[in-house]
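Here are the chains, one letter per residue:
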Amino acid sequence: MTVTAYPSPGKAKALMMCEAFAAGAGGVVADPRKGLQPGAAFFYGVVDETWRIFQQAKEGGREWLYCDNAYFDRGRQAYFRVTRNDFQISTLMRPDYDRLDAIGAKVKPWRETGNHVLVCEQSEAFMRLCGYGLDWTSDVVKALSASTSREIRVRRWNRDKGKMSATLKADLADAWALVTHMSAAANEALLVGVPVFVTGACAALPLASGRSIEDLANIESPELRGGRSEWAAGLASQQWTTDEIRNGKCWRDLNESRMV
């Protein structure tokens, strides 16, 4: 299988990641402004300049690969997730505990108290990319207001990921639950024992207490599922360093079945 990587024009990091993946997969890098090229399509994020190519690949039944930041905040900039025909892994994967230890992620006991529900927004561009639209936050707040008297605290999206990561710990303190579409904040919540409700096919889905807006009716009775250590170690196996992407380890792992 050939792979063509499409970096966002003018984005140095996107070009670096596309060049690294193309090297590891034996593929090529192409200017997205010149149209869809043969082979599977690789993207590091999707922005206005690569939106048309991304849509053409999906609608044409072309295999596509999506790369973005790590599943856990503590791995940000050191590791990157890559998924095939989806934005995130949403199934349980074969655990790699050594890799989880290397990232430094620790799983704490479930929390069964809390005063507020934390609602984590994502960017308008990403919500459009996922096909949800722009009414997600208002839909969620409306559903929660009908089902809980706890404070509903909305965490607005911010382009500054470093700042967002720094404040997430404080936002999760004394949280009863976290609600998001697909934000990696849900993974951090699960690590510290805060139940999560998601509305998209994301990494937190296997352990989520709810998987739709309608499920927010159960916000006062979240499911405290077992298996979080195995889940976290499985996610750790699905993110790679830039060197591992460049030397082909990522490509080899993606082509090996690693589902539980």
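What comes next concerns the included structure.

Rules of the game
- Residues numbered from 1 in each chain as written.
- Predicted model: local features only at pLDDT ≥ 70, side-chain atom pairs only at ≥ 80, totals over all residues.
- Heavy atoms only, no water.
- Axes fitted to C-alpha atoms, helices over the stretch in contact; angles between N-to-C directions.
- Helix = DSSP H or I, 4+ residues; strand = E, 2+ residues; numbered from the N terminus.
- Left-handed = near helix turned anticlockwise from the far one by under 90°.
- Contact = heavy atoms within 4.5 Å.
- Nonpolar A, V, L, I, M, F, W, Y, C, P; charged D, E, K, R; others polar.
- Salt bridge = Lys/Arg side-chain N within 4 Å of Asp/Glu carboxyl O.
- Buried < 20%, exposed > 50% of the residue type's maximum accessible area, 1.4 Å probe, protein only.
- Phe/Tyr/Trp six-rings, centres within 6.5 Å; stacked < 30°, edge-to-face > 60°.
- Core = buried A, V, L, I, M, F, W, Y, C linked by side-chain atoms within 4.5 Å.

### What to know about the packing of helix H7 (residues 185–192) against helix H8 (residues 228–236)
Here is step 1: Between H7 and H8, the shortest axis-to-axis distance is 10 Å and the interhelical angle comes to 140 degrees. The two elements H7 and H8 cross, and the hand of that crossing is left-handed. Every residue of H8 that contacts H7 at Asn187, Leu190 and Leu191 is listed here: Arg228, Trp231, Ala232 and Leu235.
Here is step 2: Broken down by class, the residue content of the contact of H7 with H8 amounts to five nonpolar, one polar and one charged.

### Overview of the pattern of salt bridges
Here is step 1: One pass over the structure, following the stated rule, counts 12 salt bridges.
Here is step 2: Of the charged contacts, one joins Glu151 and Arg153 as a salt bridge, the two residues approaching to 3.3 Å between their closest N and O atoms.
Here is step 3: Under the relative-accessibility criterion, Glu151 is labelled partly exposed at 41%.
Here is step 4: We note a salt bridge from Lys249 to Asp253, for which the minimum N-O separation is 3.2 Å. With Lys249 and Asp253 both in helix H10 (residues 249–254) and four residues apart, the pair spans about one turn of that helix.
Here is step 5: Look at Asp253 and you get buried, because its relative accessible area is 9%.

### So, H8
In an α-helix there are 3.6 residues to a turn, and that puts residues three or four apart on one side.
Here is step 1: In terms of burial, H8 is largely enclosed, as seven of its nine residues are buried.
Here is step 2: All buried positions along H8 are accounted for by Arg228, Trp231, Ala232, Ala233, Gly234, Leu235 and Ala236.
Here is step 3: Those residues of H8 that are buried lie in contact with helix H3 (97–103), H7 and strand S10 (239–240).

### Notes on the environment of Ala204
Here is step 1: In this structure, Ala204 sits in the loop between strand S9 (196–198) and H8.
Here is step 2: Look at Ala204 and you get buried, because its relative accessible area is 0%.
Here is step 3: Along the sequence, Ala204 and Ala184 sit 20 residues apart, while their C-alpha atoms lie 8.1 Å from each other.
Here is step 4: Non-local contacts of Ala204, meaning those with residues more than four positions away in its chain, are made with Ala186, Asn187, Leu190, Val196, Val198 and Trp231.

### Some words on the packing of aromatic side chains
Here is step 1: This model, assessed by the stated rule, comprises 11 aromatic pairs.
Here is step 2: With a centroid separation of 5.3 Å and an interplanar angle of 55 degrees, the aromatic rings of Trp64 and Phe87 are classed as tilted. Of this pair, Trp64 sits in strand S4 (residues 64–69) while Phe87 sits in the loop between strand S5 (80–84) and H3, placing them 23 residues apart in sequence. Assigned by exposure class, Trp64 and Phe87 land together as buried.
Here is step 3: Between the aromatic rings of Tyr66 and Phe87, the centroid separation amounts to 5.1 Å while the plane-to-plane angle is 90 degrees, which identifies the pairing as edge-to-face.

### Some points on the nonpolar core
Here is step 1: Within the largest apolar cluster, 49 residues are counted, with the highest numbers of intra-cluster contacts made by Phe43, Phe72, Phe87, Leu178, Val196, Val198 and Trp231.
Here is step 2: Sequence-distant contacts of Phe72, that is, excluding residues within four places in its chain, are made with Leu100, Asn187, Glu188, Leu191, Trp231, Ala232, Leu235, Ala236 and Gln239.
Here is step 3: Grouped together as the second largest cluster of nonpolar side chains are 20 residues, Ala25, Leu65, Val82 and Ile245 included.

So far we have only geometry, and geometry alone does not tell us how the molecule works.
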